[in-house]
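Working through the structure, step by step
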Amino acid sequence: MKIGKRFEGRVAIVTASTQGIGFGIAERLGLEGAAVVISSRRQKNVDEAVEKLRARGIEVLGLVCHVSNAQQRKDLIDKTLQKYGKIDVIVSNAAANPAVDGILETKEPVLDKLWEINVKTSILLLQDAAPHLHKGSCVVFISSIAGYQPPQGLAMYGVTKTALFGLTKALAAEMAPNTRVNCVAPGTVPTHFASFLAGNESIRKSIEETTLLNRLGTTQDMAAATAYLASDDASYVTGEILVVAGGLPSRL
Ligand code: NAP
């Protein structure tokens, strides 16, 4: 596949980006010319991801940022500005999925954690970043197809992902006209996060069969959609949710 250079001269922050979908997004934006700022909770993971991106010729800054840590969120913004002088793109990708219980059985600390990691910290990061965003900047939230129809076992996680759809609409209005705000809703992608798939051929096959395209998604599929929304190709698109789920049912 031929990759363009839509992000030359731009600076992109991608949270939770040392593996999986976040890493794929950072790699794609970087290959298209962006300077990318990657982060996650563990220094070792940050170092390894930085090395992989540099090996592909990508300009990258790696920082430790647990999205729940206010100081680390602030550092993420401050150090990006110190090194690159601006922020063009923010991809908010971190999420937790600690529960398999039904919503009515989910304990309060788990409810709090889901709300905090999956929704609240995205808002707090944007509160820190907003004063530094300029005309033409953009935000992309990584939600989930589970936000449309919260599945059994992942129900409360799904509800937090539904909240990101609302946040996309609300912030698109609040941050207009200078900053566009959009959202990607991935289908199932075999990452560490979807570890229930690892080694379970029958679950994997049954999910593949529910898609129209007969396969799981890839991190590159999610990265391509995110790059589109973050690029000037989407300069008249804001407040939208792009479902990238192989045709899984979402909405009319
Ligand atoms: P993943 O492969 O497990 O990667 C998670 C990344 O996030 C790692 O780099 C991890 O590094 C980092 N991380 C985890 N918790 C963090 C925190 N609290 N603060 C900062 N970084 C953190 O996950 P993924 O599948 O790519 O998921 C990424 C996003 O896609 C999530 O929002 C998820 O809800 C969404 N999504 C995934 C799927 C799927 O099927 N995989 C489907 C729909 C939506 P450290 O361990 O070093 O922190």
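For the structure given in this document, a descriptive report is provided here. Given the structure is predicted, the values throughout are model-derived calculations rather than measurements.

The number of helices and strands found in the protein is seven helices and seven strands. Going from the N terminus to the C terminus, the protein shows its helices and strands as β-α-β-α-β-α-β-α-β-α-β-α-α-β. For the protein, whose C-alpha radius of gyration is 17 Å, the value lies close to the compact-globule estimate of 18 Å for 252 residues. Projected onto its principal axes, the C-alpha coordinates of the protein cover approximately 45 × 40 × 40 Å.

Position of Val 119 among the secondary structure elements: in helix H4 (residues 108-129). Taking the C-alpha atoms as reference points, Val 119 and Ile 207, separated by 88 residues in sequence, lie 26 Å from one another. Those residues in contact with Val 119 that sit more than four places away from it in its chain are Leu 114, Thr 160, Ala 163, Leu 164 and Leu 167.

Sheet architecture is open: seven strands sit in the order S3-S2-S1-S4-S5-S6-S7, paired in parallel fashion. Across the chains shown, the open sheet's two edge strands, defined by having one partner strand only, are strand S3 (60-64) and strand S7 (241-244). Between one strand axis and the next, the sheet turns through 20° on average, direction left out of account. Both strand S1 (residues 11-14) and strand S4 (residues 87-92) contribute to a ladder of three bridges, which runs parallel. Note that in S4 the partner of Ala 12 across the bridge is Val 89. Along the sheet face, helix H5 (residues 155-175) touches strand S5 (133-142), strand S6 (179-186) and S7 and points at about 165° away from the line of S6.

Let's shift gears to helix H7 (residues 219-230). A rise of 1.5 Å per residue sets the reference length of H7, with its twelve residues, at 16 Å; its end C-alpha atoms lie 16 Å apart and thus fit the reference within 8%. Listed as buried for H7 are Met 222, Ala 223, Ala 225, Thr 226, Ala 227, Leu 229 and Ala 230. Tucked inside the fold, the buried residues of H7 contact helix H1 (20-31), S4, S5, S6 and S7.

Below, the discussion takes up the state of the cysteines. Across all of its chains, the model carries zero disulfides by this definition. With no disulfide of its own, Cys 65 lies closest to Cys 138 among cysteine sulfurs, the gap being 19 Å. Free cysteine Cys 183: the closest other cysteine sulfur is in Cys 138, separated by 13 Å.

Attention now moves to the pairing of S3. Inspection of the sheet shows strand S2 (residues 35-40) paired to S3 by five bridges, in the parallel sense. Note that in S3 the partner of Ser 40 across the bridge is Val 64. Handedness of the crossover is the feature at issue here: the chain leaves S2, passes through helix H2 (residues 43-55), returns alongside S3, and the resulting connection is right-handed.

Within the structure, the ligand sits among 28 residues, and Ile 21, Ser 40, Arg 42, Tyr 157 and Thr 191 are positioned closest to it. A distance of 3.1 Å is found between an oxygen atom of the ligand and a backbone nitrogen or oxygen belonging to Gln 19. Between the ligand and Val 189 there is a distance of 2.8 Å, counted from an oxygen atom to a backbone nitrogen or oxygen. When residues of the shell around the ligand are traced back to their parent elements, those giving at least two are H1 and H5.

Looking now at the pairing of S4. Judged by how many residues are buried, S4 sits mostly within the fold: six of six residues are covered. Relative to S5, S4 runs parallel, the two sharing five bridges. Of the residues in S5, the one forming a bridge with Val 89 is Cys 138. Note on the crossover from S4 through H4 to S5: the handedness is right-handed.

Turning our eyes to something else, we now look at the packing of aromatic side chains. Enumeration according to the criterion identifies two aromatic pairs in this entry. When the centroid spacing of 4.6 Å and the interplanar angle of 35° are considered together, the rings of Tyr 148 and Phe 165 count as tilted. Linking Tyr 148 in the loop between S5 and H5 with Phe 165 in helix H5, this pair joins segments that are 17 residues apart in sequence. In this structure, Lys 52 is placed above the aromatic ring of Phe 23, and the distance from its NZ or CZ to the ring centre is 5.5 Å.

With that out of the way, let us pick up the packing of H1 against H2. Packing of H1 against H2 brings their axes to within 10 Å, and their N-to-C directions diverge by 30°. Between H1 and H2, the angle is such that the two are roughly parallel. Seen from above, H1 lies across H2 with right-handed handedness. Together, Phe 23, Ala 26 and Glu 27 of H1 and Ala 49, Lys 52 and Leu 53 of H2 make up the contact between the two elements. A per-class count over the contact of H1 with H2 returns four nonpolar, no polar and two charged.

Basis of the calculations
Along each chain, numbering runs from 1 in the same order as the chain's sequence is written. In keeping with the predicted nature of the model, local features appear solely for residues at pLDDT of at least 70, side-chain atom pairs appear and are counted solely at 80 or more, and the whole-chain, interface and lining totals rest on all residues. The side-chain quantities take in all heavy atoms of the structure and omit both hydrogens and water. Helix numbers and strand numbers start at the N terminus; a helix is a DSSP run of H or I with at least 4 residues, a strand a run of E with at least 2. Radius of gyration: C-alpha atoms only; globule rule: 2.2 Å multiplied by the number of residues to the exponent 0.38. Any two residues having at least one pair of non-hydrogen atoms within 4.5 Å are treated as being in contact. DSSP calls a pair of strands paired once it identifies at least 2 bridges connecting them. The angle between two axes is taken between their N-to-C directions and runs from 0 to 180 degrees, where each axis is a line fitted to C-alpha atoms and a helix contributes only its stretch in contact. Take the number of residues in a helix, subtract one, and multiply by 1.5 Å to get its expected span. Relative accessibility thresholds used throughout: buried, under 20% of the residue-type maximum; exposed, over 50%; partly exposed, between the two (1.4 Å probe, protein chains only). Cysteine sulfur atoms that pair up within 2.5 Å are treated as a disulfide. Seen with the strands pointing away from the viewer, any crossover whose path from the first strand over the helix to the second strand runs clockwise is right-handed. Residues are labelled near a given molecule or strand when at least one of their non-hydrogen atoms is within 4 Å of it. As used in this structure description, the phrase polar contact means that two N or O atoms lie within 3.5 Å; if the pair is within protein, one of them must be able to donate a hydrogen and the other to accept it, and residues adjacent in sequence are counted only when both atoms belong to side chains. A pair of Phe, Tyr and Trp rings is counted when the ring centres sit within 6.5 Å of each other, with Trp represented by its six-membered ring. The angle between the planes then sorts it: under 30 degrees is stacked, over 60 is edge-to-face, the rest tilted. Any Lys NZ or Arg CZ found within 6 Å of a ring centre and within 35 degrees of that ring's normal is scored as a charge over the ring. Relative orientations are named as follows: roughly parallel for angles under 35 degrees, roughly antiparallel for angles over 145 degrees, roughly perpendicular for angles from 65 to 115 degrees, and oblique for any other angle. Left-handed describes a crossing whose near helix is turned anticlockwise from the far helix through less than a right angle; right-handed describes the clockwise counterpart. Each residue gets one label: Ala, Val, Leu, Ile, Met, Phe, Trp, Tyr, Cys and Pro are nonpolar, Asp, Glu, Lys and Arg are charged, and the others, such as Gly, are polar.

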